[in-house]
Amino acid sequence: MFYKRSESFRYTFGTPPEIRLRIMDTIHKQFLSPNIYGLLLDISPKGAKVFSEKEWVMGEENVSLEFVLNHETITAEATIVWKQQYEEGWLYGIDFNQNSIKEMLILSEIRELKEIEMN
């Protein structure tokens, strides 16, 4: 069977942690919105699925995310690749901008979370 994703797994949270998002202007490196809060539903080293009550216009694809997985605060620039209406809000598919250091940090945080679950 062929899988489209190259990462080995995606971690789904039992209780989703809060995530802070800000829409970015990549040309001027400025934030175009105040903080928007949502929930981090699942994550992999290359992307995430996020829930937010706020709908974003699809022209606002570039965002800065800040979240805590286990104990590290991670800040990552990302691109919104899809959205879907869900109950009283929106689901967003997010691809992180390529950064091997952040990918390794997310991977190690996911491994620690899985170890905590096993014990």
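Residues numbered from 1 in each chain as written. Predicted model: local features only at pLDDT ≥ 70, side-chain atom pairs only at ≥ 80, totals over all residues. Heavy atoms only, no water.

A. How the structure looks around the pattern of salt bridges. Summed over the entire model, instances satisfying the criterion amount to four salt bridges. Across the pair lysine 46 and glutamate 103 runs a salt bridge whose closest N-O atoms are separated by 3.4 Å. In this pair, lysine 46 sits in the loop between strand S4 (36–44) and strand S5 (47–52) while glutamate 103 sits in helix H1 (residues 100–118), placing the two residues 57 residues apart along the sequence. Judged by relative accessible area, which is 31%, lysine 46 ranks as partly exposed. Judged by relative accessible area, glutamate 103 falls into the buried class, the value being 19%. For the salt bridge of lysine 83 with glutamate 55, the shortest nitrogen-to-oxygen distance reads 2.8 Å. Taken together, the residues span a long stretch of sequence, with lysine 83 in strand S7 (residues 73–86) and glutamate 55 in the loop between S5 and strand S6 (62–68) at a distance of 28 residues. Look at lysine 83 and you get partly exposed, because its relative accessible area is 27%. Residue classification places glutamate 55 among the partly exposed positions, given a relative accessible area of 41%. (Salt bridge = Lys/Arg side-chain N within 4 Å of Asp/Glu carboxyl O. Helix = DSSP H or I, 4+ residues; strand = E, 2+ residues; numbered from the N terminus. Buried < 20%, exposed > 50% of the residue type's maximum accessible area, 1.4 Å probe, protein only.)

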